[in-house]
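# Observations on the model geometry
For reference, the chains in residue letters:
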Amino acid sequence: MRFNLDKAMGIHETALYVRAKRSSVLSSNLANSDTPNYKARDIDFKEVLHNAAGMQTTGSLKTTNGKHIQPGGYDAKSAELLYRHPLQPSVDDNTVDAQMEKAKFAENAMQYQTSLNFLTGKIKGLTKALKGE
Amino acid sequence: MSLLGAFDVSGSALSAQSIRLNVTASNLANAETVSSNRETTYRARHPIFSTAMGMFQDDPAVAGVKVKGIVESQAELRMRYEPEHPQSNEDGYIFLPNVNPIEEMANMISASRSYEYNVEAMNTTKQLMLATLRLGQ
């Protein structure tokens, strides 16, 4: 049986990428909370993760040169950015609700740490198996 | 790495908010600066924020803030009849800036709150990055 490190890490590696991406999007919202006409954005985590996970198994490119590199997995840039529905309109057409964005940012940070913990668990398990103690 | 983008974004927000705080401070400092004509009187200044797409990375998710420019308020200046004042004009009037201290205070509080939560976001990002570096330990 061949051992595949990518498969051993499971979905958590991709989840970490998507979480990092979402963290950028949410910090952009926070940064632009006073910018007129700025529209708050977010990504649909479930949808993006689903697409990214699909890409990992099916993503293979036709190569014409030995130096071409196969896609290693998920490309964070491809995630679709959506616009948030504002709870109430503002005079300057800005749709950022700073309190809500802060909550979402904290939530995302926590989920990022959860993914990290899962990965640490996997790595610890593998190390244990390799050492055979 | 996406998390580095979050750093740049929060950094640009800190810079923009500190410019806003500086402008507010200069408005408040000059709120009582007297002048003898309309042209040389201090006018309240306000920064104009705009979204800086593609400022750091070629990624629409990473949108920082930049100060597009600083505009002077076109509101009417305050005029006061004080003939004894050394800077009064020939009609006995002095000109005072159109700074509204209440508006400036509100602006200052808003700027410092924004600054605070951007620092907080930066700290969280830093902690996440450090945790990522310690992965597997």
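Residues numbered from 1 in each chain as written. Chains lettered and ligands numbered in written order. Predicted model: local features only at pLDDT ≥ 70, side-chain atom pairs only at ≥ 80, totals over all residues. Heavy atoms only, no water.

This next bit is on the overall build of chain A. Secondary structure summary: chain A contains four helices and two strands in total. Ordered by position in the sequence, the α and β elements of chain A form the string α-α-β-α-β-α. Looking at chain A residue by residue over its 133 residues, the buried ones come to 37%. On chain A, roughly 8400 Å² of surface is accessible, and the fraction owed to carbon and sulfur atoms is 56%. (Helix = DSSP H or I, 4+ residues; strand = E, 2+ residues; numbered from the N terminus. Buried < 20%, exposed > 50% of the residue type's maximum accessible area, 1.4 Å probe, protein only. Areas by Shrake-Rupley, 256 points an atom, 1.4 Å probe, with all protein chains shown as cover.)

All names here are of chain A. With phi around 70 degrees, N37 is a residue other than glycine that occupies positive phi space. With respect to the element layout, N37 can be found in the loop between α2 (12-31) and β1 (41-42). Its identity as a non-glycine residue notwithstanding, D93 has a phi of 65 degrees, on the positive side. Secondary-structure assignment places D93 in the loop between β2 (82-83) and α4 (98-131). Residue D93 is classed as partly exposed on the basis of its relative accessible area, which comes to 44%.

With that settled, the discussion passes to the environment of H12(A). Residue and element names in this part refer to chain A. Considering the arrangement of structural elements, one finds H12 in helix α2. Under the relative-accessibility criterion, H12 is labelled buried at 16%. Separated by 75 residues in the primary sequence, H12 and L87 place their C-alpha atoms 33 Å from one another. Sequence-distant contacts of H12, defined by excluding residues within four places in its chain, comprise S115, F118, L119 and K122. (Contact = heavy atoms within 4.5 Å.)

Below, the discussion takes up the interface of chain A and chain B. The interface is formed by 29 residues belonging to chain A together with 34 residues belonging to chain B. Taken together, the two surfaces of chain A and chain B that pack against each other cover about 2600 Å², and 63% of this comes from carbon and sulfur. Three residues, A31(A), D34(A) and Y112(A), lead the burial of chain A against chain B; their summed loss comes to 19% of the area buried on that side. Run the count over chain A and chain B and you get one salt bridge. Notably, a salt bridge pairs R20(B) with D34(A), separated by 3.0 Å at the nearest N-O pair. Counting residues per element, the ones that place at least two in the side of chain A that touches chain B are α2 and α4 of chain A. For the side of chain A that touches chain B, the element with the most residues is α4(A), which contributes 11 residues. A breakdown of the residues in the side of chain A that touches chain B according to their chemical character gives 15 nonpolar, nine polar and five charged. (Buried area = accessible area lost by both parts, 1.4 Å probe. Salt bridge = Lys/Arg side-chain N within 4 Å of Asp/Glu carboxyl O. Nonpolar A, V, L, I, M, F, W, Y, C, P; charged D, E, K, R; others polar.)

What follows deals with the pattern of salt bridges. Scanning all chains against the criterion turns up seven salt bridges over all chains. Notably, a salt bridge pairs D42(A) with R22(A), separated by 2.9 Å at the nearest N-O pair. Taken together, the positions of D42(A) in strand β1 and R22(A) in helix α2 put the pair 20 residues apart, joining distant regions of the chain. Residue R22(A) is classed as buried on the basis of its relative accessible area, which comes to 8%. Between R80(B) and E82(B) there is a salt bridge whose closest N-O contact spans 3.1 Å. A relative accessible area of 35% means that R80(B) is categorised as partly exposed. Beyond isolated ion pairs, a larger network of salt bridges with shared partners links R22(A), D42(A), R84(A) and E101(A).

With that settled, consider the nonpolar core. Across soluble globular proteins, nonpolar side chains show a tendency to be buried alongside one another. The biggest cluster of nonpolar side chains holds 11 residues, and these are M9(A), L16(A), A20(A), A109(A), Y112(A), L116(A), L119(A), L3(B), L128(B), M129(B) and A131(B). Only α2 and α4 of chain A together with α2 (101-133) of chain B provide two or more residues apiece to this core. Per-element accounting of this core gives the leading share, four residues, to α4(A). Filtering out sequence-adjacent residues up to four positions away, L128(B) remains in contact with A109(A), Y112(A), Q113(A), L116(A) and L3(B). In this structure, A15(A), V25(A), F45(A) and L81(A) belong to the second largest nonpolar core, which totals nine residues. (Core = buried A, V, L, I, M, F, W, Y, C linked by side-chain atoms within 4.5 Å.)

The next thing to look at is the side chain of S50(B). Looking at the secondary structure, you find S50(B) in strand β1 (residues 45-53). Excluding anything up to four places from it in sequence, S50(B) contacts T35(A), G64(B), V65(B), K66(B) and K68(B).

Before going further, it helps to spend a moment on the packing of aromatic side chains. Residue and element names in this part refer to chain B. On inspection of all chains with the given rule, the structure shows one aromatic pair over all chains. Considering the side-chain rings of Y81 and Y93, the 5.4 Å spacing of their centres and the 65 degrees angle between planes classify their relative orientation as edge-to-face. Here Y93 lies in strand β4 (residues 93-96) and Y81 lies in strand β3 (residues 78-81), a separation of 12 residues in the sequence. The class for Y93 is partly exposed, based on a relative accessible area of 31%. (Phe/Tyr/Trp six-rings, centres within 6.5 Å; stacked < 30°, edge-to-face > 60°.)

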